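# Coordinate inspection notes
The residues making up each chain are set out below.
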Amino acid sequence: MSRTHGALGRLATPLRRRSQLGSLGLAMGFALFALGAVAWLARAGLLRAPLWIPLAWLIVAGLAAAGVIWARQGARRLSVRATADWLERYAGWRRGAVSAQLEAGTAGTSAALRELADAQASERVRREGDAALLPIAQPIRRRALAGLGAVVAGGLLLVSARPWTAPATRVWHPASALIDAAKPVRLSASKLSVQRGDSVMLRIEAPGRATAALYTRSPGDTWVTQVVSLDQSGRASRRVGPLAADLFARATSGGRGSDTVHVTVQLPAFLGSLSVT
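Residues numbered from 1 in each chain as written. Predicted model: local features only at pLDDT ≥ 70, side-chain atom pairs only at ≥ 80, totals over all residues. Heavy atoms only, no water.

### Considerations on the overall build of the chain
- When helices and strands are counted, the chain shows six helices and nine strands.
- Relative to the globule expectation of 19 Å for 277 residues, the C-alpha radius of gyration of the chain, 36 Å, shows a markedly less compact shape.
- Considering only C-alpha atoms, the chain reaches an extent of 145 × 40 × 25 Å along its principal axes.
- At a minimum sequence separation of 6, the contacts of the chain that also span at least 24 residues come to 70%.
- Here the chain has roughly 16100 Å² of accessible surface; of this, 60% comes from carbon and sulfur atoms. (Helix = DSSP H or I, 4+ residues; strand = E, 2+ residues; numbered from the N terminus. Rg over C-alpha atoms; globule rule 2.2 N^0.38 Å. Contact = heavy atoms within 4.5 Å. Areas by Shrake-Rupley, 256 points an atom, 1.4 Å probe, with all protein chains shown as cover.)

### A look at the side chain of T83
- You can see T83 is positioned in helix α3 (residues 80–90).
- Residue T83 is classed as buried on the basis of its relative accessible area of 2%. (Buried < 20%, exposed > 50% of the residue type's maximum accessible area, 1.4 Å probe, protein only.)

### A closer look at the nonpolar core
- Core analysis: the biggest nonpolar cluster contains 21 residues, and L187, V200, L202, I204, L243, L247 and V263 have the highest contact counts within it.
- Elements represented by at least two residues in this core include exactly β1 (186–189), β3 (200–205), β4 (211–217), β6 (235–240), β7 (247–253) and β9 (261–266).
- Here L243 is in contact with V194, R196, G197, D198, V200, V263 and V265, once residues within four sequence places are set aside.
- One finds L15, L87, V98 and A137 within the second-largest nonpolar core, a separate group that totals 18 residues. (Core = buried A, V, L, I, M, F, W, Y, C linked by side-chain atoms within 4.5 Å.)

Structure follows, in structure tokens:
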């Protein structure tokens, strides 16, 4: 490795690292911001649909991949060869003044002359390289600061949502959210047979949902709809009664519906006197 190659490496390496940190920092900051926003929405009760959580993690994965790609592209643009080309193309240095020292020596070339040219090129890189690369060093520095700011801001937003406490803890369980999204809506009754005038407790289970629609009717009647608010676990109970006739009930939420529950009302037995003549 020539001395010019080493000088260019020492010149470009800090910029390359700063560029990579800036790219990864911006991607990480936006990812933290996305998780923080989802955590806050979950805490406020505005984000109950389970599919939002895996969608948020898909966004995070996409941002992470974009950050890695962006960082690698920036590293390639600041390689030793790319730095030499930039100095000769945009900094006004003579074409080949630096890049020629990165090539292997050709047959018949004086080793002493080549060593002298290498020493002169490496010395110029050492003395003038920082100033020459200032037009690209400044944007890289600003990107690194922006990346640091994005990480701090995104981290503060996420921490402020207290994602270690319910209901914001749901953010860390995308697999459970997918399972909840696939679960059916369930409706059950405390009793399937009651006496006339009694009441029955209907229990609704719709994991990951905020509300459910409860439909009830008696034989010969139309369905009566009631919107029921669900708790954080997606459950709710409603007492129906007193019942004078059989009850049919079903529940729906998020495009899914339960089976119909049939509660039978037992009519009181009629006992009369019987006389024999």
